[in-house]
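# Structural features, examined
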Amino acid sequence: MLASDAAVIEVRGLEKRFGALTAVGDLSFSVHPGEIFGLVGPDGAGKTTTLRMLASVMRPDAGSIVIDGIDVLALPEQAKRHVSYMPQRFGLYEDLTVDENIRFYADLFEVPRQVWQTRADAMLAAADMTRFRGRLAGQLSGGMKQKLGLVCSLVHTPRVLLLDEPTTGVDPLSRREFWQILYSLRSEGVAMLISTAYLDEAERCDRLALLHAGKMMYCDTPAGLKARMPGAMLQIVAADPRRARDAVRDLPGVEGVLLAGSGIHVHVDGAERLPQIAAALAAQGVALISIDAAAPTVEDLFVALLDQESVEAST
Ligand SMILES: Nc1ncnc2c1ncn2[C@@H]1O[C@H](COP(=O)(O)OP(=O)(O)OP(=O)(O)O)[C@@H](O)[C@H]1O
Ligand SMILES: [Mg+2]
């Protein structure tokens, strides 16, 4: 990662209001070349609004945005040339083929033919889509449409890539391919701002900002955020995870419980609760396959932090 270089995105005091609603309030952050910066937050947190302002498709009410040294509010058209923006619903032409869509976006950005063809060949191969080049975009699956959207966003080489939930609806295998493309861009020094609803994907970002109701609650590396998690996590695997969850919920020291696959993640006030919880579940006849101390996932963390926030807001 080249994140020690000067920031390529500088956002200060950004604000956007819709009537009485503050969709984004006093938001400040910076993103460096070769950094993948994640925007995470529940529906309506302000992720899309933030990305739209950075892409110059929406004007903020206050604050400043500097991209690659260009004042975006003063020179939006100039700034746009350094940015590639993939909106939450990317505009593909359904009655054009995969190749024709790519050519359309390449022409829009005035990319020389040799340049975009080489890039498109490599990205389509990485996305496992070479055999669909002649297929109409309207006949692609949802995940393939998302991947084509990314390829179209990258026919020119941006300094800054803005991606709004690019992998929503994309299957896990394709999401992995998608992230391989992002990693290769990272090594080319592209700065990426990506919103995601998948918290396992948040783990892959270099830094994360947690937005809630338009405000930034936390901003740190995934490891740094986890270090802020108060208490400890226990991982329980049980024959009947739902029953185990219901039984564990009201035990002393339990702050939160999350179903995770065949197990449950229990947030406790301290790791020393483990034997006590194991005994209480055994006393209630809940069969446990295993109970262990565990590292928190980003999902555990966000649930805990947002819970804490809503408790503080209501007191
Ligand atoms: N054009 C608009 N007019 C009025 N309100 C808007 C407009 N765009 C967004 N909002 C509101 O601003 C808030 C933030 O919306 P935004 O789309 O930025 O959230 P988001 O984090 O992208 O959510 P999601 O995860 O659902 O995509 C929401 O309450 C939304 O209803
Ligand atoms: Mg959105």
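Now for a look at the structure at hand. Computed from a predicted model, the values in this text were never measured in an experiment. (Residues numbered from 1 in each chain as written. Chains lettered and ligands numbered in written order. Predicted model: local features only at pLDDT ≥ 70, side-chain atom pairs only at ≥ 80, totals over all residues. Heavy atoms only, no water.)

Here the structure, examined in full by the defined rule, presents 18 salt bridges. Residues aspartate 121 and arginine 133 are paired through a salt bridge, measuring 2.8 Å at the closest nitrogen-oxygen approach. Of this pair, aspartate 121 sits in helix α4 (residues 113–126) while arginine 133 sits in the loop between α4 and α5 (142–153), placing them 12 residues apart in sequence. A relative accessible area of 39% places aspartate 121 in the partly exposed class. One salt bridge connects aspartate 246 with arginine 249, and the closest N-O pair in it is separated by 2.8 Å. In the salt-bridge network here, residues are joined through shared partners; they are Asp99, Asp121 and Arg133. (Salt bridge = Lys/Arg side-chain N within 4 Å of Asp/Glu carboxyl O. Helix = DSSP H or I, 4+ residues; strand = E, 2+ residues; numbered from the N terminus. Buried < 20%, exposed > 50% of the residue type's maximum accessible area, 1.4 Å probe, protein only.)

Turning our eyes to something else, we now look at the coordination of the magnesium ion (ligand 2). The magnesium ion (ligand 2) binds to the protein through Thr48 (OG1) and Gln88 (OE1), with metal-donor distances spanning 1.9 to 2.4 Å. Placement of threonine 48 in helix α1 (residues 47–54) and of glutamine 88 in the loop between β6 (83–86) and α3 (98–108) is noted, with a sequence separation of 40 residues between them. What makes threonine 48 buried here is its relative accessible area of 18%. (Donors = N, O, S within 2.8 Å, 3.2 Å for Na, K, Ca; no water.)

What follows is about the site of ligand 1. Residues in close proximity to ligand 1 total 13 residues, the closest being Gly44, Gly46, Lys47, Thr48 and Thr49. When isolated, ligand 1 has an accessible area of 640 Å², and the protein chains bury 64% of it. If you list the elements that add at least two residues to the shell around ligand 1, you get β2 (21–31) and α1. Ranked by residues supplied to the shell around ligand 1, first place goes to α1 with 3 residues. When its residues are assigned to classes, the shell around ligand 1 shows 5 nonpolar, 5 polar and 3 charged. (Near = heavy atom within 4 Å. Areas by Shrake-Rupley, 256 points an atom, 1.4 Å probe, with all protein chains shown as cover. Nonpolar A, V, L, I, M, F, W, Y, C, P; charged D, E, K, R; others polar.)

Following both chains from N to C, one finds α3 and α5 inclined at 30 degrees, their axes separated by 9 Å at the closest point. The angle between the axes of α3 and α5 places the two elements in the roughly parallel class. Classified by chirality, the crossing of α5 by α3 is right-handed. The residues of α5 that touch α3, namely those facing Val98, Asn101, Ile102 and Tyr105, are Leu148, Val151 and Cys152. Taken together, the residues of the contact of α3 with α5 break down into 6 nonpolar, 1 polar and no charged. (Axes fitted to C-alpha atoms, helices over the stretch in contact; angles between N-to-C directions. Parallel < 35°, antiparallel > 145°, perpendicular 65-115°, else oblique. Left-handed = near helix turned anticlockwise from the far one by under 90°. Contact = heavy atoms within 4.5 Å.)

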